[in-house]
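Spelled out, the chains give:
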Amino acid sequence: MVDYDVVVAGAGPTGLMLACELQLAGVRTLVLERLAQPVDFSKALGVHARTVELLEMRGLAAEFLRDAPKLRGGNFASLGVPLRFESFDTLHPYALFVPQVRTEQLLTERALHLGAQLRRGHALTGLTQDEHGVTVTVEGPDGPYEVSAAYLVGCDGGGSTVRKLLGIDFPGQEPHMFAVIADARFRDELPHGEGMGPMRPYGVMRHDIRAWFAAFPLEPGIFRATVAFFDRPYADRRAAVTEDDVRAALTEVAGSDFGMHDVRWLSRLTDTSRQATRYRDGRVLLAGDAGHIHLPAGGQGLNLGFQDAVNLGWKLGATLAGTAPEGLLDTYESERRPVAAGVLRNTRAQAVLIDPDPRFEGLRELMIELLHVPETNRYLAGLISALDVRYDLPGEHPLTGRRVPDLLLDTGEGSRRLSSFFHEARGVLLTLPPDRGQADAAAGWKDRVALVPVNAVRAPGATSAEFTALLIRPDGYVCWAGTPGGGVDGLTEALHAWFGAPTP
């Protein structure tokens, strides 16, 4: 017997979304958060198109979209050429400006509504595991205690206690940039910078000292100001940043602190990038920043962790329900670890491009030219937004392993969006006439896969590849596609591979 099915360490966006996914699967979930109160500042400031699509699939997008500005252009290395999302087959061709505080508030409400337990001010300090489960030691307000669970997931950030207790290596690249950050008001007008990018309309670039200052508005009168230095000694990240630190940095780079006042938040960052050598150790898994950290260029971090959670949630839920096929849980690491490696690669490239060293000027000029090429722009927009993610799944159909856009379906009972069939985090088998035999073949899985016969489909953007049926996982990725005349070839195998044995 265990106290909970899953303990999640960390109540950031990754941990909260994972709790939501697990509760949808009927999993008893406890979230432990070391901080006694939610933070009142936002590190991340937005969600990308793929994350908005996933929110839509869970019936959550409307709350996130309410009053949130839509940023039609993405950002790659602040080179001043916006990344365009309009060519993707998505109903959400934008990044959504939603402060992390708001994201965590909405996800907390959702997780609690679904029945998850959340304990704030309770820090995980130890763990032991065997073949039957995990015992977690927790330091709470009233002293230490233990909790038992079938599984533990570390969503506890870049300094993950869970990862350290497991002894999982976290190799990567040491920083060559450090920056101080302040969310504040400024009495003096901030200078407009050239080539600072769509998200950085104010700034100063100093090629002579390899440093820059940039700022963008968070809300009326409040700016996020960042001052970055390259290849010089930097302060211990564990040390608190002071207003004097930011004033001194601003004065050195821009010649003034511009009357900075009413400071709301201070922090620092570097371009350190690391990835855990594995995401699983027995009954303990890692997700989000616990498994990967990188320069927050392009705003990819929160989204990467969010998508980790959606990938892991249904697989862990099926494992606990006893319906998962052998090896399903292992596909979490095999699918998500390469995606994170790709984010580390593109953020490392951006770290070079934002370095004002004059030696890199030719590289920046060349990259600006390439960003004006539609094919290059689309490729990088796909990387930043995660709209291009394709998992290496068995099957020859061009849609296999890819996300499905939010198709408009003619169901015979009116039009419905495909996303509406994913609110319960189940799989979906979409079938088109005249091949209706697929639904009969999948009848044994209807407790895990919604059978959705439709008369016609319409993609939101680009024309989809030809298909007569699609088997779609709960995270929205195609794991089998039927073709005209193909009947049910491969469908039963795919159902077994992703959803386990049929119900008698």
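Now for a description of the structure that goes with this document. (Residues numbered from 1 in each chain as written. Predicted model: local features only at pLDDT ≥ 70, side-chain atom pairs only at ≥ 80, totals over all residues. Heavy atoms only, no water.)

**A closer look at the overall build of the protein**
What the protein contains, in helices and strands, is twelve helices and 28 strands. In summary, the protein has a C-alpha radius of gyration of 24 Å against a globular reference of 23 Å for 504 residues, a match within 12%. Put simply, 69% of the contacts in the protein that link residues at least 6 apart link residues at least 24 apart. Side-chain charges in the protein split into 50 positive and 63 negative, and the spacing between the mean points of these groups amounts to 1 Å. (Helix = DSSP H or I, 4+ residues; strand = E, 2+ residues; numbered from the N terminus. Rg over C-alpha atoms; globule rule 2.2 N^0.38 Å. Contact = heavy atoms within 4.5 Å. Lys, Arg positive; Asp, Glu negative; His and termini not counted. Charge placed at Lys NZ, Arg CZ, Asp CG, Glu CD.)

**A short note on helix H4 (residues 100–113)**
End to end, H4 covers 20 Å across 14 residues, agreeing with the expected 20 Å (1.5 Å per residue, within 8%). Those residues of H4 not exposed but buried are Gln100, Thr103, Glu104, Leu106, Leu107, Thr108, Arg110 and Ala111. In this fold, the buried residues of H4 make contact with helix H1 (13–24), helix H3 (61–65), strand S8 (117–120) and helix H7 (301–321). At the C-terminal side of H4, Gly115 shows a positive phi close to 110 degrees. (Expected span 1.5 Å × (residues − 1). Buried < 20%, exposed > 50% of the residue type's maximum accessible area, 1.4 Å probe, protein only.)

**Comments concerning the nonpolar core**
In terms of nonpolar packing, the biggest core is built from 107 residues, with Leu152, Val153, Val162, Leu470 and Leu471 touching the most fellow members. For this core, the element with the most residues is H7, which contributes nine residues. In contact with Leu470, not counting residues within four places along its chain, are Leu399, Val404, Val428, Leu429, Leu430, Val478, Trp480 and Ala481. Membership of the second largest hydrophobic core comes to 28 residues, among which are Phe76, Ala77, Trp212 and Leu353. (Core = buried A, V, L, I, M, F, W, Y, C linked by side-chain atoms within 4.5 Å.)

**A look at the sheet that holds strand S26 (residues 456–458)**
Across the sheet, which stays open at both edges, the three strands sit in the order S23-S22-S26 with antiparallel pairing between neighbours. Two strands lie at the open edges of the sheet, namely strand S23 (415–417) and S26, each paired on one side alone. Strand-to-strand twist in this sheet, taken as the mean axis angle between neighbours without regard to direction, amounts to 25 degrees. Alignment of strand S22 (residues 408–410) against S26, held across three bridges, turns out to be antiparallel. Across the sheet, the residue bridging to Asp410 is Ala456, located in S26. (Pairing = 2+ DSSP bridges. Axes fitted to C-alpha atoms, helices over the stretch in contact; angles between N-to-C directions.)

**So, a nonpolar patch on the surface**
A cluster of nonpolar side chains, namely Leu366, Leu370 and Val373, defines an oily patch on the protein surface of about 220 Å² accessible area. Note on placement: Leu366 falls in helix H9 (residues 361–371). (Patch = residues over 30% accessible without salt bridge, like charges linked within 9 Å, V, L, I, M, F, W, Y side chains within 5 Å. Areas by Shrake-Rupley, 256 points an atom, 1.4 Å probe, with all protein chains shown as cover. Salt bridge = Lys/Arg side-chain N within 4 Å of Asp/Glu carboxyl O.)

**So, the sheet that holds strand S21 (residues 292–293)**
Read across the open sheet, the three strands follow the order S12-S18-S21; overall the sheet is antiparallel. Across the chains shown, the open sheet's two edge strands, defined by having one partner strand only, are strand S12 (172–173) and S21. The pairing of strand S18 (residues 273–275) with S21 spans two bridges and is antiparallel. Bridge pairing in S21 links Arg274 to Ile293.

**Overview of the packing of aromatic side chains**
To describe a pair of aromatic rings, you give the distance between the ring centres and the angle between the ring planes. With the rule as written, the count across this model stands at eight aromatic pairs. Between Phe186 and Phe223, the ring centres sit 6.3 Å apart and the planes meet at 75 degrees, which makes this aromatic pair edge-to-face. Of this pair, Phe186 sits in strand S13 (residues 177–186) while Phe223 sits in strand S16 (residues 222–230), and the two are 37 residues apart along the sequence. Of the residues examined, Phe186 reaches a relative accessible area of 12% and is grouped as buried. (Phe/Tyr/Trp six-rings, centres within 6.5 Å; stacked < 30°, edge-to-face > 60°.)

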